[in-house]
Structure formats: C-alpha cells, structure tokens
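Here's the letter readout for the chains.
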Amino acid sequence: MASGPSPSPASIAVQFVLTGIVWGSSFLFIAVALTGMTPAQVAGGRLLFGALALGAIVAVRRERLPRSRRVWAHLVVLGFSFCVVPFLLFAWAEQHVSSGLASIFNATTPIMTAIMAWAVFRVERLRPGQLVGIAVGIVGVVVIIAPGAVADVGGSTVAQLALLGATACYGFSLAYMRRFLGDTGLSGIAFAFGYIGPAAAFMVLLSPLILAEPMQLDLPVVGSIVALGVLGTGVTYVWNQNTLRAWGPTRASTVTYITPVVGVALGILVLGERISWNEPVGAAVVFLGILLVQQRLRLPRRVAA
C-alpha cells in the first residue's frame, strides 16, 4: 500500500484537538438522537454511518483488508466488545443521566484498559505507582456515584454502573487488541473498518426488531445520528490514527483529557444540564489516577537513610 506524504506537525496537532472535540461532542449527539430514537436505534445508526464512512475511505485509499480467518474472527469479537455492547450501554444510560456525566465516566477508559491488560490478558505488568493509580481512579468513581446511590438506588445509579460497563468493554477491547491483533499489518483505518463493519452488519440483521419501535426523525435527530456515525465513529479514526503514528500511543491517549471537558461544557451550554459538586471532584480524582496509571505522575521514591 502506497503511503502519502506525512502530515505536518501543525496538521497533527489540529487533528488531535478535533478528535477530542468530536469525541466529546458524541455524548451531546447521543442525547439529542435519543429524543427521537430508541437506544438500539441510536447504536445501530451510528454504526451504520460509521461503517459507510470508513468503508468509503478504505475504498478510495485502496486499503488492504485482512485475509486470515483468524484475524476476522478476532475482529468480529471486537465488533461486539468495542462497538455493539458499549454503544448500546451508553445510549441506554443517557436516558437516565446527563451527557456531561456520561463523558466523565468515559474518561475511566485508560484505567479500565490498565486493569484488563494486567489482570485479565497478562500483557502488561503494572508498577506499584500504577496500582495506586487504579485505586485512586476507583475512589474517584465512588465519589461520583456514591451521593446518588445513597439518595436513590434507582435508574440513575444503574445507569452509572452501565457506563462503567461500557468503559470496561473499551478496556477489554483495547487489551484484547494488544493480546491477539498486534501483528496484523493492517493500517489503522482498515483495522477500524474490520470491526466496525461486522458490528454494523449485525445491527442491520437486527433491524426488523430495532425498527419495530417508531422514530421521530426531525432535523436535530437526523443531524446528530449522522454526525455521531460519520464523525464520531468514522472520520475521527483517521485523525486518531495519524496522531498515533506521529506521536505514539502515550501522547495520543491524552485525548482522554479533552473529551470530558467538551462533553460537560456542551451539556451545560446546549442542553442546560446541571452538574453536582461530586462530579467534577470525582473527575479530578479519576484524572489523578489516570496520570499515575500512565506514569505521567510518579510517586516519590523513598530516600535511603
């Protein structure tokens, strides 16, 4: 596959920021889409438009797709664990919690990834400081959930647990990629299409059930689901891949710090959502845990006597 000229450093920086903005906006798009669609319709719509966008890019660029059945089998697993299940969980949960809170929970993905890579797939060893970071992140999640759980053990608390289930799926999937799909030789775009395509195909097969519920497709709903699919589940994968190649995974993963800021701001400005004291406090504790897990912040060493 012939590769084009490398993007300039300024272009990479712009793509990085745009990725954070689009992914942060996704929670607003989900909330708006839910005003006229069911959670399954939102998940299916974003996957369909995402697959169409990535498929078009793959075709135009003539990207090589996998030929191995083993690789395709792993990609199908990712289609469910990285797309179908978390997309359904996020869409269902946003019926009960704010889009801003959903974006805050999404920021736990690096911590979930570290847990899965260390404890489940054994592809990474964690240092004591990283284990402390996981514990700190868990404390942050408790700070976010606990006040609502004490006041009301109903839909809001269950929805927050569903959000954690979604980020656990992301963590599982990222560790799964590292364990089983680290040597495919595929470009990032072809790789993403390899699991988003089967996920979209599965939702299309379920369309007789999904479309049984009526939809109210006004302009905001249609615009949100198209943006959620084409941008949030399609084009941003191209930008993110360019950033990964230019900066490496550690620096590229700092996009996690942009998405909740955008998500919370849009929820307040566009949807008029309110934020409770425990949500930003818990988010700050979660970010501290992420810094420790990613070793951007290290515990002080003991000074020998």
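Everything numeric here is computed off the predicted structure, so don't read it as measured data.

(A) Structural context of the packing of aromatic side chains. Throughout the structure, instances matching the rule amount to 14 aromatic pairs. Judged by centre distance (5.9 Å) and plane angle (80 degrees), the rings of phenylalanine 121 and tyrosine 176 are edge-to-face. Separated by 55 residues along the polypeptide, phenylalanine 121 in the loop between helix H5 (109-120) and helix H6 (128-151) and tyrosine 176 in helix H7 (residues 155-180) bring together distant segments of the chain. Residue phenylalanine 121 shares its accessibility class with tyrosine 176, and that shared class is buried. Taking 6.0 Å as the distance between ring centres and 85 degrees as the angle between the ring planes, the aromatic pair formed by tyrosine 257 and phenylalanine 287 counts as edge-to-face. With a gap of 30 residues between them, tyrosine 257 in the loop between helix H11 (249-252) and helix H12 (259-271) and phenylalanine 287 in helix H13 (residues 278-293) connect regions that are remote in the sequence.

(B) Just H13, in detail. For H13, with 16 residues, the first-to-last C-alpha span of 22 Å sits near the 22 Å given by 1.5 Å per residue. Restricting attention to buried positions, one finds in H13 the residues Asn278, Glu279, Gly282, Ala283, Val286, Gly289, Ile290, Leu292 and Val293. One or two residues past the end of H13 sits glutamine 295, with phi positive at roughly 60 degrees.

(C) Broad picture of unusual backbone geometry. Its identity as a non-glycine residue notwithstanding, arginine 62 has a phi of 55 degrees, on the positive side. For arginine 62, a relative accessible area of 75% gives the class exposed. Phi angles above zero are rare outside glycine, and arginine 122 is one such case at about 55 degrees. When you line up the elements, arginine 122 lands in the loop between H5 and H6.

(D) Region of the structure containing the environment of phenylalanine 191. Within the secondary structure layout, phenylalanine 191 lies in helix H8 (residues 188-205). Accessibility expressed as a relative area gives 13% for phenylalanine 191, which makes it buried. Distance in space between the C-alpha atoms of phenylalanine 191 and leucine 231 is 17 Å, their sequence separation being 40 residues. Residues in contact with phenylalanine 191, not counting those within four places in the same chain, are Leu75, Leu78, Met177, Leu181, Thr184 and Leu186.

(E) Focus on the pattern of salt bridges. Scanning the model with the defined rule gives one salt bridge in all. One salt bridge connects glutamate 63 with arginine 61, and the closest N-O pair in it is separated by 3.1 Å. A relative accessible area of 41% means that arginine 61 is categorised as partly exposed.

(F) How the structure looks around the packing of helix H1 (residues 9-33) against helix H10 (residues 219-247). Contact pair H1 / H10: the axes reach a minimum separation of 8 Å and the direction vectors enclose 150 degrees. Relative to H10, the element H1 is oriented roughly antiparallel. The hand of the H1/H10 crossing is left-handed. Here the contact of H1 with H10 is built from residues that sort into 20 nonpolar, nine polar and no charged.

Conventions adopted
- Residues numbered from 1 in each chain as written.
- Predicted model: local features only at pLDDT ≥ 70, side-chain atom pairs only at ≥ 80, totals over all residues.
- Heavy atoms only, no water.
- Phe/Tyr/Trp six-rings, centres within 6.5 Å; stacked < 30°, edge-to-face > 60°.
- Helix = DSSP H or I, 4+ residues; strand = E, 2+ residues; numbered from the N terminus.
- Buried < 20%, exposed > 50% of the residue type's maximum accessible area, 1.4 Å probe, protein only.
- Expected span 1.5 Å × (residues − 1).
- Contact = heavy atoms within 4.5 Å.
- Salt bridge = Lys/Arg side-chain N within 4 Å of Asp/Glu carboxyl O.
- Axes fitted to C-alpha atoms, helices over the stretch in contact; angles between N-to-C directions.
- Parallel < 35°, antiparallel > 145°, perpendicular 65-115°, else oblique.
- Left-handed = near helix turned anticlockwise from the far one by under 90°.
- Nonpolar A, V, L, I, M, F, W, Y, C, P; charged D, E, K, R; others polar.

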